[in-house]
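Each chain is listed here by its residues.
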Amino acid sequence: MGCVFSLPEDRRDAAERAPTTRDTSFIEKMKKTSKNIIVFYGSQTGTAEEFANRLSKDAQRYGMKGMAADPEEYDMGELSRLSEIKNSLAIFCMATYGEGDPTDNAQDFYDWLQENDDEDLSGLNYTVFALGNKTYEHYNAMGKYVDKRLEELGAKRIFDLGLGDDDGNLEEDFISWREQFWPAVCEHFGVEALGEESSIRQYELKVHTDINMNKVYTGEIGRLKSFEIQKPPFDSKNPFLAAVTVNRRLNKGGDRHLMHLELDITGSKIRYESGDHVAVFPTNEAALVNKLGQILGVDLDVVISLNNLDEESNKKHPFPCPTTYRMALTHYLDITHPPRTNVLYELAQYASDPKDQENMRKMASSSPEGKALYQSWVLDASRNILAILEDMPSLRPPIDHLCELLPRLQARYYSIASSSKVHPNSIHICAVVVEYETKTGRINKGVATNWLKNKLVTDNGHKSTVPMYIRKSQFRLPFKATNPVIMIGPGTGIAPFMGFIQERGWLKQQGKEVGETVMFFGCRHKNEDYIYQEELEEAESNGVLTQLNVAFSRDQEQKVYVQHLLKKNKEHIWNLIHSDNAHIYICGDARNMAKDVQAAFHDIAEELGGMTRTQATDYIKKLMTKGRYSQDVWS
């Protein structure tokens, strides 16, 4: 490192970044900028943050001033001081991640709430809007906990907890809640709305004509030029560019494309465990970006900055600036998801046809016909922003306002399909390419999977790279290798189990005694999409997998799924769980498979454990709390 006294990299970085004490005080900031409403967000994918921004913007319509805040950046012990500000209110938009966990940025706040029993929050006015998904076991656990805990600590709830369900229509849940929330605030504080709901810009456009191109962001997430000069530690703000060393199709036939990729992490100091997730930062397809530029008639290579009009805000820009429109639309903005209603509402003013204006505003309202129109015209038809502009020729917004309104393009998470004991310098991904035809006859493609599919190992002599980091998971093999393991994962749900199998094989090679390892895998057709067949059969033949059960759902008249094979093996399975302390792991689709599998376990416990349905349900719940029933599921 040259200089003997230099701090290790991460400490030095922290020293440079350490905020002054004043910066962590949201009370001082609110006083200084005469704000009286603060909206905290616990956000993993950006939605809760987006809702928080919308609520803080709303405040202006009621003659109040709001700010959105990341709880990770502030000292949350100051909540008790909010009463120093007249007519103050704290709103919490809290998402739940995974199995009832807080999002990464709300972890410290969650710990603080749990640890401080003697906190007196009697001067705090608050309300909570929770974001979750009904297909998960712990629906909205984080929002419910914050709501209940603040009340226990003496705070005053001024409006009911809102529950947003992403399995249904999260946007609609939010709008309905917000529609009732603001009148309650008005009544509580004795204020009223200020008439016409005009659109309020949050950022102003600056066009750079003579800027040094070395100062322009070209897709980096955090530090400028971080993709050229890579410095550990690598995380969500500083991803590592991993080279793709393998990219092969896994399935032998059928019309889907299942793929196996290997990313090289040599020299990155990145460590992972089997069961962790790898997050990748994808980019939008160039053809889509070009079409947007054409339809809006703009030069995409103009260098711009969008600067926050509120100079005190921690968020100076909506995405890294200065950059070009092309870079923003390629790397930073989500242009493929159907836009949320607030985007339509704000863009309505730019439609020259009054009928289009009216329809766009209607879709953003909470009237039944407005909701139905948004559901059918935007969601059911899977119209992204490009499709909306194509099908509404009178709508031609300025590109800078569009860029301000579109949500950020988010990292995508994949269960790692390898074991670091066997592959310390390589991370394996197993995924299915998303591509479907919409009701309007367009072909929609999944952003990340199509981008990954095109990551050829060498592209014109260059190595293809993927910006990535690791997200730790609770999905872990048992501490004792002698504990039996039951793995259930149809389709790409097999991913983490490939890592588990590699690890159990490695432990065996080390001469360790390894418990039974049982696999339930499901696919459509044996000769088409039986992925990793060779690896699984080899693991079975050398005794690493003590039992391999495969359900081919469409190879016979009746559909056969993993839960049917579970029941076929019920005596053996029950014995492993009840007598041998087995750990159960489920990975894959949350909506149907995980529910059906859980029901099968309830049936087995009822029948072979001689329990009532209630007892059987409680029995499985207990396994979950003990960490013996783990799920890694997505919807």
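The structure presented is a predicted model; accordingly, all values stated were derived computationally and were not measured. (Residues numbered from 1 in each chain as written. Predicted model: local features only at pLDDT ≥ 70, side-chain atom pairs only at ≥ 80, totals over all residues. Heavy atoms only, no water.)

Caption draft 1: Expanded view of the overall build of the protein chain. Broken down by element type, the protein chain carries 21 helices and 25 strands. Relative to its length of 635 residues, the protein chain is compact, with a C-alpha radius of gyration of 26 Å against a globular reference of 26 Å. Viewed in the frame of its principal axes, the protein chain has a C-alpha envelope of about 70 × 65 × 60 Å. Of all intrachain contacts in the protein chain linking residues separated by at least 6 positions in sequence, the fraction that spans at least 24 positions is 76%. About 28800 Å² of surface is accessible on the protein chain, with carbon and sulfur atoms providing 48% of the total. The averaged location of the 92 negative side-chain charges in the protein chain is 2 Å from the averaged location of its 75 positive side-chain charges. (Helix = DSSP H or I, 4+ residues; strand = E, 2+ residues; numbered from the N terminus. Rg over C-alpha atoms; globule rule 2.2 N^0.38 Å. Contact = heavy atoms within 4.5 Å. Areas by Shrake-Rupley, 256 points an atom, 1.4 Å probe, with all protein chains shown as cover. Lys, Arg positive; Asp, Glu negative; His and termini not counted. Charge placed at Lys NZ, Arg CZ, Asp CG, Glu CD.)

Caption draft 2: Geometry of the sheet that holds strand β21 (residues 485–488). One open sheet accounts for five strands, arranged β23-β22-β21-β24-β25; its pairing is parallel. With partners counted over all chains shown, the strands left at the sheet margins are β23 (547–552) and β25 (629–634), one partner each. Shown here is a sheet whose adjacent strand axes are inclined to one another by a mean of 10°, direction ignored. The pairing of strand β22 (residues 517–523) with β23 spans six bridges and is parallel. Residue pairing in the sheet places G522 in a bridge with A551 of β23. (Pairing = 2+ DSSP bridges. Axes fitted to C-alpha atoms, helices over the stretch in contact; angles between N-to-C directions.)

Caption draft 3: Up close: the packing of aromatic side chains. Throughout the structure, instances matching the rule amount to 28 aromatic pairs. Pairing Y97 with Y413 gives two aromatic rings, centres 6.2 Å apart and planes at 70°, and the pair type is edge-to-face. One end of the pair, Y97, is in strand β3 (residues 89–97); the other, Y413, is in strand β14 (residues 412–415), and 316 residues separate them in sequence. The partly exposed category is assigned to Y413, whose relative accessible area is 24%. With a centroid separation of 5.7 Å and 20° between ring planes, the pair formed by F475 and F500 is classed as stacked. One end of the pair, F475, is in the loop between β20 (465–471) and β21; the other, F500, is in helix α15 (residues 495–509), with 25 residues separating them in the sequence. You can call F500 buried: its relative accessible area is 0%. Here the aromatic cluster, defined as three or more aromatic residues joined through ring pairs, consists of F51, Y62, F129, F159, F174, W177, F181 and W182. Between the NZ or CZ atom of R361 and the centre of the ring of Y345, over which it lies, the distance is 5.9 Å. (Phe/Tyr/Trp six-rings, centres within 6.5 Å; stacked < 30°, edge-to-face > 60°. Buried < 20%, exposed > 50% of the residue type's maximum accessible area, 1.4 Å probe, protein only. Lys NZ or Arg CZ within 6 Å of the ring centre and 35° of its normal.)

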